[in-house]
Amino acid sequence: MKKHGILNSDISRVLGYMGHTDTICVADCGLPIPDETERIDLALREGLPSFMDILKELTDDISACLF
């Protein structure tokens, strides 16, 4: 079981399969998303977790994989 970094299994899976030309988008609930695009909803209630909390954890996790 993973005990550090991103613990959400869906996000970990997506990050693990990302290649050099793949992109990931972090957005609030107002962004229109095509039906064929995978989405992972992290909302607990309005404003939680915050955009910056999610962005920080993603960049920390991705950076840890680079080194």
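Residues numbered from 1 in each chain as written. Predicted model: local features only at pLDDT ≥ 70, side-chain atom pairs only at ≥ 80, totals over all residues. Heavy atoms only, no water.

Caption draft 1: Expanded view of the overall build of the protein chain. Counting its regular elements, the protein chain contains two helices and zero strands. Put simply, 65% of the contacts in the protein chain that link residues at least 6 apart link residues at least 24 apart. Accessible area for the protein chain stands at about 6000 Å²; split by element, carbon and sulfur atoms hold 59% of it. (Helix = DSSP H or I, 4+ residues; strand = E, 2+ residues; numbered from the N terminus. Contact = heavy atoms within 4.5 Å. Areas by Shrake-Rupley, 256 points an atom, 1.4 Å probe, with all protein chains shown as cover.)

Caption draft 2: Molecular detail of the environment of D61. Locating D61 in the fold gives a position in helix α2 (residues 51-66). Taking the C-alpha atoms as reference points, D61 and L15, separated by 46 residues in sequence, lie 8.7 Å from one another.

Caption draft 3: Fine view of the pattern of salt bridges. Tallied over the entire structure, the rule returns three salt bridges. Note that R13 and E38 form a salt bridge whose closest N and O atoms lie 2.5 Å from each other. Here the residue R13 occupies a position in helix α1 (residues 9-17), and E38 occupies one in the loop between α1 and α2, the gap between them amounting to 25 residues. The partly exposed category is assigned to R13, whose relative accessible area is 35%. Overlapping salt bridges bring together D10, R13 and E38 as one network. (Salt bridge = Lys/Arg side-chain N within 4 Å of Asp/Glu carboxyl O. Buried < 20%, exposed > 50% of the residue type's maximum accessible area, 1.4 Å probe, protein only.)

Caption draft 4: Layout of unusual backbone geometry. For the peptide bond that leads from L48 to P49, omega is -10 degrees, which places it in the cis range. Inspection of the secondary structure assignment puts P49 in the loop between α1 and α2.

Caption draft 5: Inspection of the nonpolar core at higher detail. In this structure, I6, I11, L15, I54 and L58 together form the largest nonpolar core, which totals five residues. Looking at this core, the elements that each hand over two or more residues are α1 and α2. Discounting residues that sit within four places of it in the chain, I54 has contacts with V26, L42 and P49. (Core = buried A, V, L, I, M, F, W, Y, C linked by side-chain atoms within 4.5 Å.)

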